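Fold and contact review
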2 protein chains.
Amino acid sequence: VAEAADTDRGTTHAKVPLGFDEATLEAIAQAFDADNADALRTLLVGHHYADIADLLESLSAARRVALVRALGDAFDPDILIELDETVRDEVLEALGPRRVAEAVAELESDDAVEVLRDLDADNQRAVLDAMPVFERTLVQQGLTYPEDSAGRLMQREAVTVPQTWTVGQTIDFLRQSADEEENLLPELFYEIYVVDPRHHPVGRIGLSRLLRTRRPVPVTDILDADMRVIDVATDQETVAFLFRQRDLVSAPVIDAGGRLVGVITIDDVVDVIDEEAEEDIMLLGGVGERDLFSAVLETTRHRAWWLAVNLMAALTSAMVISLFQSTIEQAVALAVLMPIVASMGGNAGIQTLTVAVRGLATREITPANALRVVNKEVIVGTINGVLFAIVTGTVAWLWFGQPMLGLVLGLAMVANLIVAGMAGAAIPLTLNRLGYDPALGSGVFLTTVTDVVGFFAFLGLAAWILL
Amino acid sequence: VAEAADTDRGTTHAKVPLGFDEATLEAIAQAFDADNADALRTLLVGHHYADIADLLESLSAARRVALVRALGDAFDPDILIELDETVRDEVLEALGPRRVAEAVAELESDDAVEVLRDLDADNQRAVLDAMPVFERTLVQQGLTYPEDSAGRLMQREAVTVPQTWTVGQTIDFLRQSADEEENLLPELFYEIYVVDPRHHPVGRIGLSRLLRTRRPVPVTDILDADMRVIDVATDQETVAFLFRQRDLVSAPVIDAGGRLVGVITIDDVVDVIDEEAEEDIMLLGGVGERDLFSAVLETTRHRAWWLAVNLMAALTSAMVISLFQSTIEQAVALAVLMPIVASMGGNAGIQTLTVAVRGLATREITPANALRVVNKEVIVGTINGVLFAIVTGTVAWLWFGQPMLGLVLGLAMVANLIVAGMAGAAIPLTLNRLGYDPALGSGVFLTTVTDVVGFFAFLGLAAWILL
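For clarity, every value in this text was computed on a predicted model and none was experimentally measured.

1. Topic: the overall build of chain A
Secondary structure summary: chain A contains 23 helices and six strands in total. Across its three principal axes, chain A shows a C-alpha extent of roughly 90 × 65 × 50 Å. Of the roughly 18800 Å² that chain A leaves accessible, carbon and sulfur atoms contribute 56%. Separation of charge centres in chain A, based on 33 positive and 68 negative side chains, amounts to 6 Å.

2. What to know about the sheet that holds strand β5 (residues 250-254) of chain A
All names here are of chain A. Taking strand neighbours across the sheet as the criterion, the three strands line up as β4-β5-β6 in an open arrangement whose pairing is mixed. Taken across any chain shown, the strands that pair with only one partner, and hence form the sheet edges, are β4 (230-231) and β6 (260-265). As paired elements, β5 and β6 share five bridges and run antiparallel to each other. Bridging across to β6, Pro252 finds its partner in Val263.

3. Looking at the packing of helix α2 (residues 22-33) of chain A against helix α3 (residues 37-44) of chain A
Residues and elements named next belong to chain A. In the contact formed by α2 and α3, the axes pass within 8 Å of each other and the chain directions differ by 155 degrees. Considering the angle they form, α2 stands roughly antiparallel to α3. Both α2 and α3 take part in a crossing whose hand is left-handed. Here Thr24, Ala27, Ile28, Ala31 and Phe32 of α2 lie close against α3, whose contacting residues are Ala39, Leu40, Leu43 and Leu44. Here the residues of the contact of α2 with α3 sort into eight nonpolar, one polar and no charged.

4. What to know about the packing of aromatic side chains
Applying the stated criterion across every chain yields a total of nine aromatic pairs over all chains. Ring centres 5.5 Å apart and planes at 65 degrees place the aromatic pair Trp165 of chain A and Phe173 of chain A in the edge-to-face group. Under the relative-accessibility criterion, Trp165 of chain A is labelled partly exposed at 21%. Ring plane angle 85 degrees and centroid distance 6.1 Å describe the contact between Tyr190 of chain A and Tyr190 of chain B, whose orientation is recorded as edge-to-face. Taken together, the residues Tyr190 of chain A in the loop between α13 (167-179) and β2 (191-195) and Tyr190 of chain B in the loop between α13 (167-179) and β2 (191-195) connect one chain to another. Classification of Tyr190 of chain A by relative accessible area gives buried; the value is 11%. In this arrangement the basic side chain of Arg363 of chain A is found over the ring face of Phe241 of chain A, its NZ or CZ atom lying 4.5 Å from the centre.

5. Quick notes on unusual backbone geometry
Backbone geometry places Asp247 of chain A, a non-glycine residue, at a positive phi of 50 degrees. Structurally, Asp247 of chain A is set in the loop between α16 (236-246) and β5. The class of Asp247 of chain A is partly exposed, set by a relative accessible area of 28%. Phi is positive for Asp35 of chain B, close to 55 degrees, though the residue is something other than glycine. Along the chain, Asp35 of chain B falls in the loop between α2 (22-33) and α3 (37-44).

6. Considering the interface of chain B and chain A
Tallying the contact residues gives 143 residues for chain B and 144 residues for chain A. Taken together, the two surfaces of chain B and chain A that pack against each other cover about 12900 Å², and 63% of this comes from carbon and sulfur. At the surface where chain B touches chain A, the tally comes to 36 residue pairs in polar contact (both at pLDDT 80 or more). Here the side of chain B that touches chain A gets 19 residues from one element, more than from any other, and that element is helix α20 (residues 333-361) of chain B. Residue classes in the side of chain B that touches chain A are distributed as 78 nonpolar, 33 polar and 32 charged.

7. Some thoughts on the relation of the copies chain B and chain A
For the pair chain B and chain A, the superposition axis carries a translation of 0.0 Å, the fit reaches an RMSD of 0.1 Å, and the rotation angle comes to 180 degrees. Here the copies are linked by what is in effect a two-fold axis.

8. Topic: the environment of Tyr145 of chain A
Residues and elements named next belong to chain A. Structurally, the position occupied by Tyr145 is in the loop between α11 (133-144) and α12 (150-153). Residues Tyr145 and Leu55, 90 residues apart in the sequence, show an inter-C-alpha distance of 32 Å. Setting aside residues no more than four positions away along its own chain, Tyr145 makes contact with Gly151, Arg152, Met154 and Val232.

9. Focus on a negative patch on the surface
A grouping of Glu147, Asp148, Asp235, Asp271, Glu275 and Glu279 of chain A is seen on the molecular surface, where their side chains present a negatively charged patch. Structurally, Asp271 of chain A can be placed in helix α17 (residues 266-284).

10. Observations regarding the side chain of Arg175 of chain B
Along the chain, the position of Arg175 of chain B falls in helix α13. In this structure, Arg175 of chain B is buried with no salt-bridge partner, the nearest side chain bearing the opposite charge being Asp172 of chain B at 4.3 Å. Polar side-chain contacts of Arg175 of chain B include one of 2.6 Å to the backbone oxygen of Thr213 of chain A. Apart from residues lying up to four places away in sequence, Arg175 of chain B is in contact with Ile171, Leu211, Arg212, Thr213, Arg214 and Arg215 of chain A together with Arg215 of chain B.

11. Section: the nonpolar core
Across soluble globular proteins, nonpolar side chains show a tendency to be buried alongside one another. In this structure, Phe458 of chain A together with Phe458 of chain B are the most contacted members of the largest nonpolar core, which totals 78 residues. Ignoring sequence-local partners within four residues, the contact set of Phe458 of chain B consists of Leu334, Leu337, Met338, Val341, Val408, Leu409 and Ala412 of chain B. Listed in part, the 56 residues of the second largest apolar core include Leu360, Val374 and Leu429 of chain A together with Tyr49 of chain B.

12. Considerations on the pairing of strand β3 (residues 201-206) of chain A
Residue and element names in this part refer to chain A. Inspection of the sheet shows β2 paired to β3 by five bridges, in the antiparallel sense. The partner of Val195 across the bridge, within β3, is Pro201. What sits between the antiparallel neighbours β2 and β3 is a turn of five residues, in which His199 has the positive phi angle 70 degrees.

13. Side note on a nonpolar patch on the surface
Taken together, the side chains of Leu297 of chain A together with Ile379 and Ile383 of chain B make up a nonpolar region of the molecular surface, amounting to roughly 270 Å² of accessible area. When you line up the elements, Ile379 of chain B lands in helix α21 (residues 370-400). A relative accessible area of 41% places Ile379 of chain B in the partly exposed class.

14. Notes on the sheet that holds strand β1 (residues 160-162) of chain A
Residues and elements named next belong to chain A. Strand order in the open sheet formed by three strands is β1-β2-β3, with mixed pairing between adjacent strands. Only two strands of the sheet have a single neighbouring strand rather than two, namely β1 and β3. This sheet shows a mean twist of 30 degrees between the axes of neighbouring strands, independent of strand direction. Direction of pairing for β1 relative to β2: parallel, over a ladder of three bridges. From the neighbouring strand, Thr160 faces β2, where its bridge partner is Tyr193.

15. A closer look at the side chain of Asp111 of chain B
Residue and element names in this part refer to chain B. The residue Asp111 is located in helix α9 (residues 109-117) in this model. Arg88 provides the closest opposite charge to the buried, salt-bridge-free Asp111, at an N-O distance of 8.0 Å. In this structure Asp111 touches Ile81 and Asp268, once residues within four positions along its chain are discounted.

16. Focus on the pairing of β2 of chain B
Counting buried positions along β2 of chain B yields five of five residues, so the element is predominantly enclosed. Burial of β2 of chain B is two-sided: the residues Glu191, Tyr193 and Val195 of chain B facing one way and the residues Ile192 and Val194 of chain B facing the other way are all buried.

17. Observations regarding helix α17 (residues 266-284) of chain B
All names here are of chain B. With 19 residues, α17 ought to run about 27 Å at 1.5 Å a step, and its terminal C-alpha atoms sit 27 Å apart, in line with that. Taking burial as the measure, the 19 residues of α17 include 14 buried ones, the bulk of the element. After α17 finishes, the residue Gly286 shows a positive phi value of roughly 70 degrees.

18. Some remarks on the confidence of the model for chain A
Residues and elements named next belong to chain A. Across chain A, the average pLDDT comes to 87, with 94% of residues at or above 70. The low-confidence segment residues 1-17, where pLDDT is below 50, has 26 contacts with residues more than four positions distant or belonging to other chains. Of the two predicted TM-score estimates for the complex, the pTM is 0.78 and the ipTM is 0.78.

19. Some points on the pattern of salt bridges
Enumeration according to the criterion identifies 32 salt bridges over all chains in this entry. A salt bridge links Glu278 of chain B to Arg358 of chain A; the nearest nitrogen and oxygen atoms lie 2.5 Å apart. Of the two residues, Glu278 of chain B sits in helix α17 while Arg358 of chain A sits in helix α20 (residues 333-361), which places them in two different chains. Arg358 of chain A matches Glu278 of chain B in its accessibility class, with the two residues each being buried. The salt bridge involving Asp172 of chain B is made with Arg215 of chain B; its shortest N-O contact spans 2.8 Å. Of this pair, Asp172 of chain B sits in helix α13 while Arg215 of chain B is found in the loop between α14 (207-211) and α15 (219-222), placing the two residues 43 residues apart along the sequence. Beyond isolated ion pairs, a larger network of salt bridges with shared partners links Glu191, Arg204 and Asp224 of chain A.

The rules behind these values
- Residues numbered from 1 in each chain as written.
- Chains lettered and ligands numbered in written order.
- Predicted model: local features only at pLDDT ≥ 70, side-chain atom pairs only at ≥ 80, totals over all residues.
- Heavy atoms only, no water.
- Helix = DSSP H or I, 4+ residues; strand = E, 2+ residues; numbered from the N terminus.
- Areas by Shrake-Rupley, 256 points an atom, 1.4 Å probe, with all protein chains shown as cover.
- Lys, Arg positive; Asp, Glu negative; His and termini not counted.
- Charge placed at Lys NZ, Arg CZ, Asp CG, Glu CD.
- Pairing = 2+ DSSP bridges.
- Axes fitted to C-alpha atoms, helices over the stretch in contact; angles between N-to-C directions.
- Parallel < 35°, antiparallel > 145°, perpendicular 65-115°, else oblique.
- Left-handed = near helix turned anticlockwise from the far one by under 90°.
- Contact = heavy atoms within 4.5 Å.
- Nonpolar A, V, L, I, M, F, W, Y, C, P; charged D, E, K, R; others polar.
- Phe/Tyr/Trp six-rings, centres within 6.5 Å; stacked < 30°, edge-to-face > 60°.
- Buried < 20%, exposed > 50% of the residue type's maximum accessible area, 1.4 Å probe, protein only.
- Lys NZ or Arg CZ within 6 Å of the ring centre and 35° of its normal.
- Buried area = accessible area lost by both parts, 1.4 Å probe.
- Polar contact = N/O pair within 3.5 Å; in protein donor to acceptor, adjacent residues only side chain to side chain.
- Least-squares fit on C-alpha atoms with pLDDT ≥ 70 in both.
- Patch = residues over 30% accessible without salt bridge, like charges linked within 9 Å, V, L, I, M, F, W, Y side chains within 5 Å.
- Salt bridge = Lys/Arg side-chain N within 4 Å of Asp/Glu carboxyl O.
- Core = buried A, V, L, I, M, F, W, Y, C linked by side-chain atoms within 4.5 Å.
- Expected span 1.5 Å × (residues − 1).
- pLDDT = per-residue confidence, 0-100.

Encoded structure:
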């Protein structure tokens, strides 16, 4: 225990914080080089599944396969859940259908569904056929729910008790179930649900509450009826929002008939929160997919798509500039200064865009305050526009000795920063209103607007005022 | 229950998903317009504190004060915890020290510390003086831990039992404590800790395990000794990583002497995960602070700082271009095409940067695979560079009828996309190695590099090859 605590002290970003120390990592590398599967297995056995998953992710594709083979029957099924999807596909292939089936049967039903949904139809069938009947039924039901729904997220194993029971009966039931051969209770749970004869949930009881209550008390006396019940079709993003908003640790899931069909627990929701934050970051960065672990060609293809969209935007800017070729020929200083207007507009717009995308994701921007957000961003853009108009205008004046050039630059700057504030707020809000992810491609839309407006305003004003 | 479930069905981003329906929001707006505090209170009482916090955030500053006044003694202290810091400061001011003290005394110790740390020294003292002695001591101790440490995150209330006890004794202890006047057990807990006589934790027992075990079994028979113990000085980011990595729901916190001093629970960690993701998004967007709810002038100031940094970058680009003024005078097509090279480089670089920043945040990039990441990004940049060199080179050739212009554009494109891949990976890795947040300012560094290289390569090659 003291050792575990010491390892954490002073841990920084850069160090591998868990599981493997430098010496072990070195020994693992040597075992790989020597192609020594026995040594590798000895080094890995006993380590936490999450650490082995991390190790797998950090290896090259060939070594991932070698590691899976070396582990053999010591491969912990929980490793699969911790892997990035790209890496998981490789590992599943290395394991083969029979061992995947064994592994999946050992997982909780929500985790089993997550692993299976990524397999193609043939492999899915092979794995399902190799599973025990009871587990297979649970998993097959799970697969019928739409992707990213509460039904996919929940585990089917729920602890329920009838309304007529007392605290004592409940505790006795839990103790007996633990003794039985075929134990259908989940391994870990945080609350139990009281159900009526139709299996509709009527209330929840936190385990800490149950433990503090005396045996003769009826469960109906201590249940919390004011609980959040989640419909099986609810989108996982809404589920995550509910958990955060209500500080939930678990919540019952009901089907269209109101019957309790499963439980969602916080650990699944933490993964969703991570995913959603990652999606926003990736979409804003124009990556659109998680490709840290993808193969080079796959990554190149994903990126190329976004670069092609950006090329359209850049060509649009080029066409705007080409309208003013004769203007630039007469005053080449314009070519020197024009990227400044576009760059400042793009940057200011991205600032607004970031705040708006995040505000929409956390539901802090609602129809009720959307207009206020746009107004505020336009005002901020105007103030910063005037400020930077004075600074850049003065720089241009002093640099090229032409006061009118400074004036043109300043006016274009004000115009572009106002447009940036407006577009930075309006683009994600509009995408959201139309039902799209507000982060999707909004960066490219935005810089197209600020580039076109920036070049057009600067060169147009120059043609009008200077020449 | 059925009603609650219906409200969730089909909820989308755009709707206010919880708490207040359209009619109530309308009635609330009318109560504000009529300055009718009684009506307002009646409309709000009974709503969940998280919903009232959301409502507060969506209001103008004046209405926030009016709402706090209208609620009066019905103001739920938990509202404070759910508020964004900017809004919380306003609400604390509207409440005044005496009522803040009452509110803080009702909160769990970790929440109380979070509210108090934002107050200035005078207000902090006033609030602490007005608190009961026991709560004051807990909170004062909490304030001595460094910001963003496990000590700040934990609650002091922990459930501990000695090694000599049985399951039955433990349950009896919990039931007795619940009956006592001054109940020092936390309201909600998920596991209990077994401690030795020096109060060092020796193991944990999940409540579901405790409930399934028969009374005579000693606690030492069912405890999980392989638990993660967190040092009180651990950074909250590391805490969040541990929770995710080990799927923890709660974890004991120890002081330098190894004694158990508190417990961190998953709900606090979810907030940290949110915060960290938000920080990355905001820093990448050049916002650097959470300013959705800040006043206009404050927001303008934050943004101006980043825009000033960007202006330096834009002026550097302008200086590079100015080196080639005579070249541009001779071939104005260069001015038309040059933003394309810079824009594509910037975009490709941001893609790499995003993946690298996220990989570092989730600790999927480690010293062990950092070089592999850089190599991969350079290869991806090279392939996409060649691809887009062919496309844009052909466009330039056809547009201006000069094959050599197309060649120059293509060569500059390849060079800039390779540099973009290298810089996009190397900048965040270097910032991280130096101990800075890898997202901090890396976007501006990157676009400075890609702009300078883009303009220099394109115009330099043009001067050399074309003229």
